Amino acid sequence: VRPIGRRRTPRSVADSPKIENFGITEVLLANLYSELLMESAPGLAGKLRPGGWLIFSGVLKKQAREVCRALQKCGFAKPKIVDRGKWVAGLTHLK
């Protein structure tokens, strides 16, 4: 864990199979392909504090709706999506 910027916010880096080894956090960044993001959604939700943010990318535009539905089923708010070409990124928070 290293400090970032002035606030000295701790951060950790892990691949999705190892997420169970980490504590609860306020922000998660996930650059995962759609299937892995949907599969990992319950575990990601379990690692966020209520109101915590998930920023995700690596999702094909044609799969964005399916990913958004899967995240919402796991307790996330409807994601805000930004697209660039065939890819999208999203921002959501845990309700």
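Residues numbered from 1 in each chain as written. Predicted model: local features only at pLDDT ≥ 70, side-chain atom pairs only at ≥ 80, totals over all residues. Heavy atoms only, no water.

*Asks:* Outline helix α1 (residues 34-46), supporting the account with residue identities and numerical values.
*Replies:* With 13 residues, α1 extends 19 Å between its outermost C-alpha atoms, agreeing within 8% with the 18 Å of an ideal straight helix rising 1.5 Å per residue. At Ser40, α1 shows its largest kink, close to 50°, and the proline Pro42 lies no more than four residues downstream. Where α1 is concerned, the buried positions are Ser34, Leu36, Leu37, Ser40, Ala41, Leu44 and Ala45. As for α1, its buried residues are in contact with β1 (25-31), β2 (48-60) and α2 (64-73). (Helix = DSSP H or I, 4+ residues; strand = E, 2+ residues; numbered from the N terminus. Expected span 1.5 Å × (residues − 1). Bend = angle between axes of the 7 residues up to and from the residue. Buried < 20%, exposed > 50% of the residue type's maximum accessible area, 1.4 Å probe, protein only. Contact = heavy atoms within 4.5 Å.)

*Asks:* So what about the pairing of β2? Which residues, and what values?
*Replies:* In this sheet, β2 lies alongside β1 in parallel orientation, the contact comprising six bridges. Pairing of Thr25 across the sheet is with Leu48, part of β2. Remark: the β1/α1/β2 crossover connection has right-handed handedness. Across six bridges, the pairing between β2 and strand β4 (residues 87-93) is antiparallel. Across the sheet, the residue bridging to Trp53 is His93, located in β4. (Pairing = 2+ DSSP bridges. Right-handed = clockwise from strand over helix to strand, strands pointing away.)

*Asks:* Pulling in residues and values, what's your account of the packing of α1 against α2?
*Replies:* In contact at an axis separation of 9 Å, α1 and α2 are set at 10° when each is read in the N-to-C sense. Our classification of the angle between α1 and α2 gives roughly parallel. The residues of α2 that touch α1, namely those facing Ser34, Leu37, Met38 and Ala41, are Glu66, Val67, Ala70 and Leu71. Taken together, the residues of the contact of α1 with α2 sort by class into six nonpolar, one polar and one charged. (Axes fitted to C-alpha atoms, helices over the stretch in contact; angles between N-to-C directions. Parallel < 35°, antiparallel > 145°, perpendicular 65-115°, else oblique. Nonpolar A, V, L, I, M, F, W, Y, C, P; charged D, E, K, R; others polar.)

*Asks:* Any chance you could break down the nonpolar core for me, citing the residues and the numbers?
*Replies:* In terms of nonpolar packing, the biggest core is built from 18 residues, with Leu37, Leu54, Phe56, Leu71 and Phe76 touching the most fellow members. Residue assignment for this core shows that the elements contributing at least two residues are β1, α1, β2 and α2. Here this core gets five residues from one element, more than from any other, and that element is α1. If near-sequence neighbours (up to four positions away) are discounted, Leu37 is found in contact with Ala30, Leu32, Leu44, Phe56, Val59 and Val67. (Core = buried A, V, L, I, M, F, W, Y, C linked by side-chain atoms within 4.5 Å.)

*Asks:* Help me get a handle on the environment of Cys68, residues and values and all.
*Replies:* Tracing the sequence through the fold places Cys68 in helix α2. When its relative accessible area of 11% is taken as the criterion, Cys68 is described as buried. Distance from Cys68 to Lys78, taken between C-alpha atoms, is 6.7 Å for residues ten residues apart in sequence. With residues near it in sequence (within four places) discarded, Cys68 still touches Pro79 and Ile81.

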